Amino acid sequence: MDPVVAWHAEHAYFNQLLRVLLRQVDLFHGGGQPNYELMQDIISYLTDYSDRVHHPREDVAFARLALRCPDMKLPLARLEQEHRVIAQAGQALSKLIQAVIGGAVIQRAELEVAAATYLVYYGNHIAKEEEDVLARAAKELTAQDWEAVRKAVPAISDPLFGPDAAERYRELRRQIALES
Ligand SMILES: [Fe+2]
Ligand SMILES: [Fe+2]
């Protein structure tokens, strides 16, 4: 598959997940009972796949692109830095949800702030990449560059959307199907 098409497809998947997460956060905000296990599955997936595969590949693509397009150096450096913020925000939210699942009483506002931070930050990050980076990368990066991007991390199959999807994400896949 064309690497930019695959890149864009992953963003579409991540946006779907963020929408499912937002629906749960809305439930919580309205005083309802969200599905905490589902929320945790979404963040686990994003931590396991996006933080470990998608973002390291982007980091290589950004570095290559910055060499070819010096005008993009600063925005690309910002996006790379955002990968670290997203990973931290995901861990913070995951810890809170885990605590709730474990029966801890936490401040509603604390969970709301952590979830909103994650959702908004992540959504904006993807939108910026879609607007500013993908088309330039398609134009400027060479076959060699794409090879380096592919090799940034060992190939693993996507555990949620890939052909060998993991059993643990069965409920999440059902929710995504309902959402789309
Ligand atoms: Fe990114
Ligand atoms: Fe991305």
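Parameters and conventions
Residues numbered from 1 in each chain as written. Chains lettered and ligands numbered in written order. Predicted model: local features only at pLDDT ≥ 70, side-chain atom pairs only at ≥ 80, totals over all residues. Heavy atoms only, no water. Donors = N, O, S within 2.8 Å, 3.2 Å for Na, K, Ca; no water. Tetrahedral: all angles 85-135°; square planar, octahedral: opposite > 155°, others 65-115°. Helix = DSSP H or I, 4+ residues; strand = E, 2+ residues; numbered from the N terminus. Buried < 20%, exposed > 50% of the residue type's maximum accessible area, 1.4 Å probe, protein only. Salt bridge = Lys/Arg side-chain N within 4 Å of Asp/Glu carboxyl O. Arc of directions from axis to C-beta. Contact = heavy atoms within 4.5 Å. 1 Å grid on protein atoms, 1.4 Å probe; cavity = no way out; pocket = protein on both sides within 12 Å on 5 of 7 lines; lining within 4 Å. Points joined across faces, edges and corners; volume = space filled by probe spheres on them. Nonpolar A, V, L, I, M, F, W, Y, C, P; charged D, E, K, R; others polar.

S.K.: Go over the coordination of the iron ion (ligand 2) with me, naming the residues and quoting the values.
M.R.: Distances from the iron ion (ligand 2) to its protein donors, H11 (NE2), H54 (NE2), E58 (OE) and E129 (OE), fall at 1.9 to 2.3 Å. The coordination sphere of the iron ion (ligand 2) comprises 4 donor atoms, whose angles at the metal cover 79 to 167°; the geometry is irregular. Positions of the donor residues of the iron ion (ligand 2), expressed as sequence spacing, correspond to H-x42-H-x3-E-x70-E. Distance-wise, the iron ion (ligand 1) is placed 3.2 Å from the iron ion (ligand 2), both being coordinated by E58. Taken as a pair, H11 in helix 1 (residues 3-29) and H54 in helix 2 (residues 36-68) lie far apart in primary sequence, 43 residues in all. For H54, a relative accessible area of 3% translates into the label buried.

S.K.: Could you give an account of the pattern of salt bridges, with specific residues and numbers?
M.R.: A side chain of one charge can pair with a side chain of the opposite charge when the charged atoms of the two come close. Inspection of the entire model under this criterion finds 11 salt bridges. Among the ionic pairs, D48 bridges to R52, the shortest N-O distance being 3.6 Å. Of the two residues, D48 and R52 are both situated in helix 2; the distance of 4 residues between them amounts to about one turn of the helix. Measuring nitrogen to oxygen at the nearest pair gives 2.7 Å for the salt bridge that ties K128 to E82. Here K128, found in helix 4 (residues 108-140), pairs with E82, found in helix 3 (residues 73-101); they are 46 residues apart in sequence, far enough to count as distant. On the basis of relative accessible area, K128 is assigned to the partly exposed category, the value being 34%. Connected through shared salt-bridge partners, R64, R68 and D145 make up one network.

S.K.: Residue-level account of helix 5 (residues 143-150), with values.
M.R.: Of all the positions in helix 5, only D145, W146, A148 and V149 are classed as buried. Along the axis of helix 5, the buried residues cluster in a sector spanning 155°; they form a single face. Counted as exposed and oriented over 90 degrees from the buried face of helix 5: A143 and Q144. Against the buried residues of helix 5 lie helix 1, helix 2 and helix 4.

S.K.: Lay out the layout of surface pockets in plain terms, naming residues and giving numbers.
M.R.: Within this model, the largest pocket holds a volume of roughly 610 Å³. Contributing to the lining of the largest pocket are 23 residues, with P3, A6, W7, E10 and R57 lying nearest its centre. Those elements giving two or more residues to the lining of the largest pocket turn out to be helix 1, helix 2 and helix 5. The element that contributes the greatest number of residues to the lining of the largest pocket is helix 1, accounting for 6 residues. Classifying every residue of the lining of the largest pocket by side-chain character gives 14 nonpolar, 3 polar and 6 charged.

By themselves, these figures tell us nothing about what the structure is for.
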